[in-house]
Amino acid sequence: MRKYTDQGKKDTRSGFGAGMTELGRKNPKVVSLCADLVGSLKIEQFIEENPDRFFQVGIAEANMMGIAAGLTIGGYIPFTGTFANFSTGRVYDQIRQSIAYSGKNVKICASHAGLTLGEDGATHQILEDIGLMKMLPGMTVINTCDFNQTKAATLAIADHEGPVYLRFGRPKVPNFTDPDQEFHIGKAVMLNEGKDVTIVATGHLVWEALQAAETLEQEGISAEVINIHTIKPLDENTLLASVRKTGCVVTCEEHNYLGGLGESVARTLTLHHPAPQEFVATRDTFGESGTAEQLMEKYGLDNKAIRKAVLQVLKRKA
Amino acid sequence: MASQHDLEKITTQVRRDIVRMVHKVDSGHPGGSLGCTEFFVALYFELMELHGKFSMDGIGEDLFFLSNGHISPVYYSVLARKGYFPLEELNTFRMLNSRLQGHPTTHEGLPGVRIASGSLGQGMSVAIGAALAKKLNKDKHIVYSLHGDGELQEGQNWEAIMYAGSKKVDNLIATIDRNSQQIDGNTEDVMALGDVGAKFKAFGWDVLELENGNDLQAIIKTLSEAKSRIGKGKPVCVIMHTVMGHGVDFMMHTHAWHGKAPNDEQLQRALAQNQETLGDY
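As the structure is a computational prediction, the values presented were derived from the model and not from experiment. (Residues numbered from 1 in each chain as written. Chains lettered and ligands numbered in written order. Predicted model: local features only at pLDDT ≥ 70, side-chain atom pairs only at ≥ 80, totals over all residues. Heavy atoms only, no water.)

Asker: Hey, could you run me through the overall build of chain B in this one?
Answerer: When you go through chain B residue by residue, the secondary structure sums to ten helices and seven strands. The C-alpha radius of gyration of chain B comes to 17 Å, within 12% of the 19 Å expected for a compact globule of 281 residues. Overall size of chain B, expressed as C-alpha extent along the three principal axes, is 50 × 45 × 35 Å. Taking all 281 residues of chain B together, the buried fraction comes to 58%. A total of about 10,500 Å² of accessible surface is found on chain B, and carbon and sulfur atoms cover 50% of it. Averaging the positions of the 27 positive and the 34 negative side-chain charges in chain B gives two centres separated by 6 Å. (Helix = DSSP H or I, 4+ residues; strand = E, 2+ residues; numbered from the N terminus. Rg over C-alpha atoms; globule rule 2.2 N^0.38 Å. Buried < 20%, exposed > 50% of the residue type's maximum accessible area, 1.4 Å probe, protein only. Areas by Shrake-Rupley, 256 points an atom, 1.4 Å probe, with all protein chains shown as cover. Lys, Arg positive; Asp, Glu negative; His and termini not counted. Charge placed at Lys NZ, Arg CZ, Asp CG, Glu CD.)

Pasting the structure below:
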């Protein structure tokens, strides 16, 4: 199996911050908005270098979304920044009316997504945001896996015309993708070719999927691992080619199994190539306080859970 | 500059457009539309600096945002009369496959409209964003917006009002249609707004009261005064007192015609009170 090396743990939100710094230098149309979470979003450098292109809106996310929509009218590319919870559920109608239905070129950038936010607990851990955003017509939905990919995605979405939801997280996680990668929206990344099972993962679970695949290899099971960073539009061709080969799939996401990546994959398979599928995702539940690692284990989102799901789906395939 | 007589002719014709549009499809919002007709005519035919041709970015011209999108009939009539799209398109208001949706939208590409509105309380934030973009672009033109008074019950407005005052967004003139009516009755009974001007002042705005918001000359005078206060460190708010349904006697002084169309007989009465001036669409 192809080897991936952790270049040193880093948080994906810092990848966003690094991307914003670079965008600030190369694209004068990029502006940044934040709702009192500058430190959490890691955009200090962008603000220092571009004070005129930063808008501190205070703890007022609805207003932030509307201002972002208005800024596009004068030709700017606004990147909003707050936690995933306050980037989506709290402001759904503002996004729906003023951004998505109005076709505005706003980049909704959301940190602290999912359970790995940790100790703050369920009030701040959103597990429904992918579903909320992918339901909006015209919205692109991206969930990146590490620092390097988040930085690359931040740069890529500035060049994409249309609203985008970019989801990333709080904890430091292995940084294993190429620092010079090009990010192609809607194009899945084949991490490891295999023949027995397809593992499709997004966000923090991509690394866990690779760990699971290594264990499975020692057990004689050949797993194909695909990093689906873009949930909408979904790379159906890559997915279908893989499942046609392996005959079964496990989807992995730090999100509710209702409305997330898994359901998008299931819909695609149902239409084109029905096959057994297992979901590594939360089971229609809220989170709770704890460390990121404890939560991933308790809610069945770590590499052990992925291995178990693979064994289950292989039984169903047989 | 249009003459007073020309503006009055446009106003009367726009009233006819409004009642005919809502009558045809037996739906829409005539009350607030009629109450703001003078405001729209003064804004588009006297006060705003506009390019002849519509572009989404609006660079180098004044911008207008309608937040209380349900008064789309007056907006559509004035945009068509100003030449943004063919007059006969008013025939398609609220019909299938029309660009003139029940509430304004950019989705169908109607020239003159820059944001979807109608889900109340969102327009001021958008207007602020557009005003900030003008500042970044070193564009000295003004951003205007219109909001219903009942609409101020939506909390997002107060986030926006606080932002504009705190951050000195002084290229924005927000007008409040203070007709004191909303769907369930008088605003002060439904959810008292109290002294709206004092609230804006407390949030750092420059506030002007417009006592007769159905008088063209009074609107032009007050809005011109508002323009003179642009660029002085404060956003400007105009509290415009209007009569809902103005110009059609049986629709005045009541919220009954907020979202109700006239029947055939009522349409004729309304049209008789507003004789054709520029030609019906």
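Asker: What's the story with the side chain of Gln 156 of chain B in this structure? I'm lost.
Answerer: Within the secondary structure layout, Gln 156 of chain B lies in helix α6 (residues 155-166). A distance of 3.3 Å separates a polar atom in the side chain of Gln 156 of chain B from the backbone oxygen of Ala 62 of chain A. If sequence neighbours within four positions are ignored, Gln 156 of chain B has contacts with Ala 62, Asn 63 and Gln 94 of chain A together with Gly 121, Gln 122 and Ser 125 of chain B. (Polar contact = N/O pair within 3.5 Å; in protein donor to acceptor, adjacent residues only side chain to side chain. Contact = heavy atoms within 4.5 Å.)

Asker: What is the right way to look at the interface of chain B and chain A in this model?
Answerer: One frequently used descriptor of interface size is the decrease in accessible area upon assembly of the parts. In this assembly, 29 residues from chain B lie in contact with 25 residues from chain A. Summed over both partners, the interface of chain B with chain A buries about 2,100 Å², with 57% contributed by carbon and sulfur atoms. Linking chain B with chain A are zero salt bridges, by the criterion used here. Viewed at the interface, chain A and chain B are joined by 15 residue pairs in polar contact (both at pLDDT 80 or more). Those elements giving two or more residues to the side of chain B that touches chain A turn out to be β1 (63-66), α5 (123-136) and α6 of chain B. (Buried area = accessible area lost by both parts, 1.4 Å probe. Salt bridge = Lys/Arg side-chain N within 4 Å of Asp/Glu carboxyl O.)

Asker: Can you walk me through the UniProt feature "domain: Transketolase N-terminal" (unreviewed entry) in chain B in this structure?
Answerer: The positions that UniProt labels "domain: Transketolase N-terminal" (unreviewed entry) are, in the present scheme, residues 12-268 of chain B. Taken as a whole, residues 12-268 of chain B contains 38% helix and 12% strand, while its terminal C-alpha atoms sit 15 Å from one another. (UniProt positions renumbered as here; feature names shortened; annotations may be inferred.)

Asker: What is the right way to read the sheet that holds strand β7 (residues 236-241) of chain B from this model?
Answerer: Sheets are built from strands that pair by backbone hydrogen bonding, the pairs being arranged parallel or antiparallel. All names here are of chain B. Taken in spatial order, the five strands make up an open sheet running β1-β2-β3-β7-β6, and their pairing is parallel. With partners counted over all chains shown, the strands left at the sheet margins are β1 and β6 (206-210), one partner each. Each strand axis lies, on average, 20° off the axis of its neighbour in the sheet, ignoring direction. Relative to β7, β6 runs parallel, the two sharing five bridges. Residue pairing for β7: Leu 210 is matched across the bridge by Met 240. (Pairing = 2+ DSSP bridges. Axes fitted to C-alpha atoms, helices over the stretch in contact; angles between N-to-C directions.)

Asker: Before we go on, may I ask you to explain the environment of Thr 11 of chain B in this structure?
Answerer: Residues and elements named next belong to chain B. Along the chain, the position of Thr 11 falls in helix α1 (residues 4-25). Put simply, Thr 11 and Thr 37 are 26 residues apart on the chain and 6.4 Å apart in space, counted from C-alpha to C-alpha. Those residues in contact with Thr 11 that lie beyond four places of it in its chain are Thr 37, Glu 38, Val 41 and Leu 216.

Asker: Help me understand the nonpolar core, please; the structure alone is not making it clear to me.
Answerer: In globular proteins that are soluble, nonpolar side chains generally tend to be buried together. Ranked by size, the top nonpolar core spans 71 residues in total, and within it Leu 71 and Ile 95 of chain A together with Phe 65, Ile 128, Phe 200 and Trp 205 of chain B carry the most contacts. Per-domain counts for this core show at least three residues from each of domain 1 (8-175) and domain 2 (189-315) of chain A. If near-sequence neighbours (up to four positions away) are discounted, Ile 95 of chain A is found in contact with Met 65, Ser 87, Thr 88, Ala 100, Ile 108, Met 133, Leu 136 and Met 139 of chain A. Listed in part, the 58 residues of the second largest apolar core include Tyr 84, Leu 90, Leu 216 and Leu 267 of chain B. (Core = buried A, V, L, I, M, F, W, Y, C linked by side-chain atoms within 4.5 Å. Domains from an automatic or database assignment.)

Asker: Teacher, can you tell me more about the sheet that holds strand β14 (residues 277-282) of chain A here?
Answerer: Residue and element names in this part refer to chain A. Here we have five strands laid out as an open sheet, ordered β9-β11-β10-β13-β14, and mixed in their pairing. Both edges of this open sheet fall to β9 (189-192) and β14, since each of them pairs with a single strand only. On average, adjacent strands in this sheet sit at an angle of 25° to one another, irrespective of strand direction. The strands touched by helix α9 (residues 205-218) within the sheet are β9, β10 (197-201), β11 (223-227), β13 (249-256) and β14, with β11 carrying the most contacts at an inclination of about 170°.

Asker: Help me understand the UniProt feature "domain: Transketolase-like pyrimidine-binding" (unreviewed entry) in chain A, please; the structure alone is not making it clear to me.
Answerer: Cross-referencing UniProt, the feature "domain: Transketolase-like pyrimidine-binding" (unreviewed entry) maps to residues 10-175 of chain A in the present numbering. Along residues 10-175 of chain A the backbone is 42% helical and 19% strand, and the end-to-end C-alpha distance reaches 6 Å.

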